[in-house]
Amino acid sequence: MSTPSLLILPGDGIGPEVMREVRRIIDWFGARRGLAFDVSEDLVGGAAYDAHGTPLHDDTMARAQAADAVLLGAVGGPKYDDLDFSVKPERGLLRLRKEMDLFSNLRPAQCFDALADFSSLKRDVVAGLDIMIVRELTSGVYFGEPRGIFTEGNERVGVNTQRYTESEIRRVAISAFELAMRRSRKLCSMEKANVMESGILWREVVTEVGRDYPEVELSHMYADNGAMQLVRWPRQFDVIVTDNLFGDILSDCAAMLTGSLGMLPSASLGAPMANGRPKALYEPVHGSAPDIAGQGKANPIACILSFAMALRYSFDQGAEAARLEAAIEQVLADGVRTADLMGPEGGVPVSTEGMGDAIIAALEASL
Ligand code: IPM
Ligand code: MG
């Protein structure tokens, strides 16, 4: 097989500086584990707008379609707040998701033991937490038509449409069941079947798909109750599957349980390509943090963990992904902290690069 290609889109704000550390990690795997990648870089978001007047150039879109995996930093910043909606940095990201048809968005919420006291919940509620939210990413109210701001009589009306086809529900459900099979075989589907027809169909189709996975224990929950249960007793869940908008909200809620938004990666997966790999984009859950950009303060862990997800889901390197995750756990257990991870007890934070150094040292020690 030819060398797999990895397209890197650092984006805006802290994106470029955290991505610099990811590139060092990629180089380490090349030099020390024989995992070669054909790495190239391009622009997205505000950076692409500055260069080309669009948050995603067509050439970049084509390169993303052709890559074995895309790794994205972050997009957006105050400089772009007043731009027209159609060229806002976020539109670049939404276009990638939509045109690559990345319908299955995996958002793990994992509580690192060394950071359990950072959660707004008590340690015993969150310690050991390891759940995965599968969010439908290419349909629902984010994309449904009609949409717009219209005039009706003498007032304006804002319209968005929640719309799901059976096949859209089925494919994301299958990806969630497959994941559940590889984890603890427990899946909870969340919707609002009590008030929304799209929720009724969601529940029916997920139940149908479940007949092909008798080993998986399937449950259903209204999404509002799901939000409450996530905060009350999050460890009752393993894999959660839900639609685009509920997934957006529930995944932020789950992320906060871990106390460290700067630590969480994500994977957005589509249908298999000719080489059998899924179309894939990996990105940290955090944003571009313009307030600290360019100062070497950012925590690169979420972006590095996104590369670990790429190793696992795109390149079949689960053992090497686990090596990288263990190195990060080790570094945290050793007390290495970027500024965002400083507790009330204080201490001296390491820089973005310092965190990269520590992780590489832990990787070396793992050999
Ligand atoms: C996310 C973000 C995006 C979303 C924004 C930036 C468009 O909140 O990835 O969760 O709403 O999907
Ligand atoms: Mg969000």
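Residues numbered from 1 in each chain as written. Chains lettered and ligands numbered in written order. Predicted model: local features only at pLDDT ≥ 70, side-chain atom pairs only at ≥ 80, totals over all residues. Heavy atoms only, no water.

J.: Now, about the site of ligand 1: what can you tell me, with residues and values included?
T.: All residues in the neighbourhood of ligand 1 are listed as Glu90, Arg97, Arg107, Arg135, Tyr142 and Asp248. In the model, an oxygen atom of ligand 1 is placed 2.7 Å from a nitrogen or oxygen of the Arg97 side chain. Contact between ligand 1 and Arg107: an oxygen atom at 2.8 Å from a side-chain N or O atom of the residue. Taking 320 Å² as the accessible area of ligand 1 by itself, protein coverage stands at 68%. Assessed atom by atom at 2 Å from the grid points, ligand 1 resides in the largest pocket. For the shell around ligand 1, the per-class residue count stands at one nonpolar, no polar and five charged. (Near = heavy atom within 4 Å. Polar contact = N/O pair within 3.5 Å; in protein donor to acceptor, adjacent residues only side chain to side chain. Areas by Shrake-Rupley, 256 points an atom, 1.4 Å probe, with all protein chains shown as cover. 1 Å grid on protein atoms, 1.4 Å probe; cavity = no way out; pocket = protein on both sides within 12 Å on 5 of 7 lines; lining within 4 Å. Sits in = over half its atoms within 2 Å of the grid points. Nonpolar A, V, L, I, M, F, W, Y, C, P; charged D, E, K, R; others polar.)

J.: Outline unusual backbone geometry, supporting the account with residue identities and numerical values.
T.: With the exception of glycine, the majority of residues adopt a negative phi angle, and the majority of peptide bonds are in the trans configuration. Between Glu145 and the following residue, Pro146, the backbone shows a cis peptide bond with an omega angle of 0°. Tracing the backbone through its elements, the reader meets Pro146 in strand E6 (residues 144–152). The backbone of Ala289 sits at a positive phi, close to 40°, despite the residue not being glycine. Here Asp316, not a glycine, exhibits a phi torsion of approximately 55°, which is positive. Structurally, Asp316 can be placed in the loop between helix H10 (301–313) and helix H11 (318–333). (Helix = DSSP H or I, 4+ residues; strand = E, 2+ residues; numbered from the N terminus.)

J.: Lay out the side chain of Glu283 with the relevant residues and their values.
T.: Within the secondary structure, Glu283 sits in strand E12 (residues 278–284). Contacts of Glu283, omitting those with residues within four sequence positions, involve Leu72, Leu93, Arg97, Pro265, Ser266, Ser268 and Ser306. (Contact = heavy atoms within 4.5 Å.)

J.: I'd like a rundown of the pattern of salt bridges, residues and numbers included.
T.: The tally for this structure, following the rule as stated, stands at 23 salt bridges. A salt bridge links Arg183 to Asp130; the nearest nitrogen and oxygen atoms lie 3.6 Å apart. Of this pair, Arg183 sits in the loop between helix H6 (166–182) and strand E8 (186–191) while Asp130 sits in strand E5 (residues 130–136), and the two are 53 residues apart along the sequence. Classification of Arg183 by relative accessible area gives partly exposed; the value is 26%. (Salt bridge = Lys/Arg side-chain N within 4 Å of Asp/Glu carboxyl O. Buried < 20%, exposed > 50% of the residue type's maximum accessible area, 1.4 Å probe, protein only.)

J.: So what's going on with the pairing of strand E2 (residues 38–41)? Residues and values would help.
T.: Of the strand pairs in this sheet, strand E1 (residues 5–11) and E2 are connected by four bridges, and their pairing is parallel. Paired with Ser5 across the bridge in E2 is Asp38. (Pairing = 2+ DSSP bridges.)

J.: Talk me through the domain arrangement of the protein chain; I want residue IDs and the actual numbers.
T.: We note that the domain assignment places domain 1 (1–111 + 258–367) and domain 2 (130–242) within the protein chain. Computed from C-alpha atoms alone, the centre-to-centre distance between domain 1 and domain 2 is 26 Å. Across the boundary between the two partners, domain 1 contributes 16 residues, which contact 16 residues of domain 2. Overall, the association of domain 1 and domain 2 removes approximately 1,500 Å² of surface from exposure, summing both partners, and the carbon and sulfur fraction of that is 58%. Its salt-bridge partner being Arg171, residue Asp101 comes within 2.9 Å of it at the nearest N-O pair. On the surface where domain 1 and domain 2 come into contact, there are seven residue pairs in polar contact (both at pLDDT 80 or more). With seven residues, strand E4 (residues 104–110) is the largest single contributor of residues to the side of domain 1 that touches domain 2. Considered class by class, the residues forming the side of domain 1 that touches domain 2 number eight nonpolar, four polar and four charged. (Domains from an automatic or database assignment. Buried area = accessible area lost by both parts, 1.4 Å probe.)

J.: A description of the packing of H11 against helix H12 (residues 352–365) should follow, citing residues and the corresponding values.
T.: Following both chains from N to C, one finds H11 and H12 inclined at 120°, their axes separated by 9 Å at the closest point. It follows that H11 is oblique to H12 by the angle criterion. Two packed elements cross with a definite hand, and for H11 against H12 that hand is right-handed. Across the interface between the two elements, Arg323, Leu324, Ala327, Ile328 and Val331 from H11 touch Met355, Ala358, Ile359, Ala362 and Leu363 from H12. Its residues placed into classes, the contact of H11 with H12 shows nine nonpolar, no polar and one charged. (Axes fitted to C-alpha atoms, helices over the stretch in contact; angles between N-to-C directions. Parallel < 35°, antiparallel > 145°, perpendicular 65-115°, else oblique. Left-handed = near helix turned anticlockwise from the far one by under 90°.)

J.: Go over the sheet that holds strand E10 (residues 239–242) with me, naming the residues and quoting the values.
T.: With mixed pairing, 10 strands are arranged side by side in an open sheet as E2-E1-E3-E12-E11-E4-E5-E10-E8-E9. Here the strands that pair on one side only, and so sit at the sheet edges, are E2 and strand E9 (217–222). Recorded for the sheet is a direction-independent mean angle of 20° between the axes of neighbouring strands. Sheet topology places E8 next to E9; six bridges connect them, and they run parallel. In the sheet register, Cys188 faces E9, and the bridge partner there is Ser219. Each of E1, E2 and strand E3 (69–74) is contacted by helix H1 (residues 15–33), which is oriented at about 155° to E1, the strand it contacts most.

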